[in-house]
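Breakdown of the fold
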Amino acid sequence: MRLEFKDIDIDHVKTYMQHWSQTDQRASDYSFPILWGWASDYGYQSAPDKETDLCWIRQTVPGLYNLAPIGRWHRDDWAHLIEERYGKNSEFYLVPERLLDIWRAQFGGSMEIEEDRGNWEYLYNIKDLATLSGNRYMKKRNRVNQFRRTYDYTYKKITNEIAAEVTDFQQSWCQANNCAETPGLVQENHGIQRILQNWDRIPHLRGGVIFVGEEIAAYTIGELADDMLVVHFEKASLEYNAGYQAINKEFLSHMLEDHPELKVVNREEDMNDPGLREAKMSYLPTGFIKKYHVKVSL
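Every chain is numbered independently, its residues counted from 1 as its sequence is written. Per-residue local features are limited, in this predicted model, to residues with pLDDT of at least 70; the limit for side-chain atom pairs, both in listing and counting, is 80 or more; totals at the level of whole chains, interfaces and linings are taken over all residues. Only hydrogens and water are set aside when side-chain values are computed; all heavy atoms of the structure are taken into account.

1. Some words on the environment of Val186
For helices the rule is a DSSP run of H or I covering at least 4 residues; for strands it is a run of E covering at least 2, with both sets numbered from the N terminus onward. Tracing the backbone shows Val186 in helix α9 (residues 183-196). In contact with Val186, not counting residues within four places along its chain, are Cys179 and Ala180. Contacts are residue-level and defined by heavy atoms, with any inter-residue pair within 4.5 Å sufficient.

2. Some points on the pattern of salt bridges
Note on pairing: side chains with opposite charge can pair once their charged atoms come close. Here, a salt bridge means any Lys or Arg side-chain nitrogen found within 4 Å of an Asp or Glu carboxyl oxygen. Inspection of every chain in the model, using the stated rule, returns 19 salt bridges. Note that Asp29 is salt-bridged to Lys291, the shortest N-O span being 2.3 Å. Placement of the pair is Asp29 in the loop between α1 (13-22) and α2 (32-37) and Lys291 in strand β15 (residues 291-297), with a sequence separation of 262 residues. Summary of the burial criterion: residues with accessible area below 20% of their type's maximum are buried, those above 50% are exposed, and those between are partly exposed, where the area comes from a 1.4 Å probe applied to protein chains only. For Asp29, a relative accessible area of 15% translates into the label buried.

3. Topic: the state of the cysteines
Working definition: a disulfide is two cysteine sulfur atoms within 2.5 Å of each other. Applying the stated criterion across every chain, the model contains 1 disulfide. In this model Cys174 forms its disulfide with Cys179; the gap between the sulfur atoms is 2.1 Å. Disulfide Cys174-Cys179: the torsion about the S-S bond is -115°, which places it as left-handed. Of the two residues, Cys174 and Cys179, neither departs from the other in class, the shared state being buried.

4. A closer look at the packing of aromatic side chains
For any two aromatic rings, the description comes down to two numbers: the centre-to-centre distance and the angle of the planes. Only Phe, Tyr and Trp rings take part, Trp by its six-membered ring, and two of them pair if their centres are within 6.5 Å. Stacked means planes under 30 degrees apart, edge-to-face means over 60, and tilted covers everything else. Scanning all chains against the criterion turns up 17 aromatic pairs. Consider the rings of Trp78 and Trp103, whose centres lie 5.7 Å apart with planes at 70°: the pair is edge-to-face. In this pair, Trp78 is assigned in helix α4 (residues 78-86) and Trp103 in helix α5 (residues 97-107), connecting sequence segments 25 residues apart. Since its relative accessible area comes to 0%, Trp78 is described here as buried. On the basis of an interplanar angle of 75° and a centroid distance of 5.1 Å, the ring pair of Tyr86 and Phe92 is categorised as edge-to-face. The buried category is assigned to Tyr86, whose relative accessible area is 18%. Relative accessible area serves as the criterion here: at 0%, Phe92 is assigned to the buried category. Members of the aromatic cluster, joined through ring pairs, are Trp56, Trp78, Tyr86, Phe92, Trp103 and Phe107. By the criterion adopted, a ring carries a charge over it if an Arg CZ or a Lys NZ lies within 6 Å of its centre and within 35 degrees of its normal. Between Arg267 and the ring centre of Tyr283, over which it is positioned, the NZ or CZ distance is 5.8 Å.

5. A look at the nonpolar core
What we call a nonpolar core is a set of buried Ala, Val, Leu, Ile, Met, Phe, Trp, Tyr and Cys residues that are connected through their side-chain atoms within 4.5 Å. Counting 67 residues, the largest nonpolar core has Tyr16, Tyr30, Phe32, Trp56, Trp78 and Trp103 as its most contacted members. Top element by residues in this core is helix α8 (residues 160-176). It accounts for 6 residues. With near-sequence residues (within four places) excluded, Phe32 lies in contact with Ile8, Asp9, Ile10, His12, Val13, Tyr16, Met17, Gly37 and Ile202. Membership of the second largest hydrophobic core comes to 31 residues, among which are Ala217, Ala242, Leu256 and Tyr283.

Structure below.
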């Protein structure tokens, strides 16, 4: 069977979300705003497969990379499906651990598996990060309290109207942080701008902004996924000390008020950056969404 891949488009969001809702382990790489937001830079494409309740995904820039499918993973015909669609020898990137476990049970020794540690996503107890209570979070809590004492600020949810202000702030943040010199930040900026400019068209997006006076000091953008909140972006002005700690706590505490069913916050990967890894570990993760590079020989 030949898969018909097409560029991921905002008009595909409803069909995509139907497959996403069936996916057992929702890694942020496969969330619609991430794939669609980065589509122009990475050439992401999808191929809905009606026969299987799966949606196959690939990246086409700078080369062709098959990603894991989303949808109904629990099935016993994976070998047949993959051979029919990709041939006897295939390769997949960013394969979440739960899908890998299913494949491992069916493929046995027909796989080569490589751990992709830089793309593991960090999971936390959302209540812990929303309250920062206890001795283990004392330093974080002190930083937030310092911000509260220093600045007279207000917190607002991102709406379609506020999204326009956040768009301007993001552009200023990018200039202040020399995005042009870092390809990854350029691509991220493209994605953020695209998402903010289409705020009302993407399901399950949530965001928060800290204003000091009339100026934005920090913002964050997240996405609801059942009892998990995925934090996609978090930016703070260099002019305000402890802005990152403040927006993180404010956003999570407000989200818990609005959505008491939330249990987990996913703060995504560290991309093997030592400083970022140290920062994410300092919030004491309770687990990870582990991902792997997999070669299949059938």
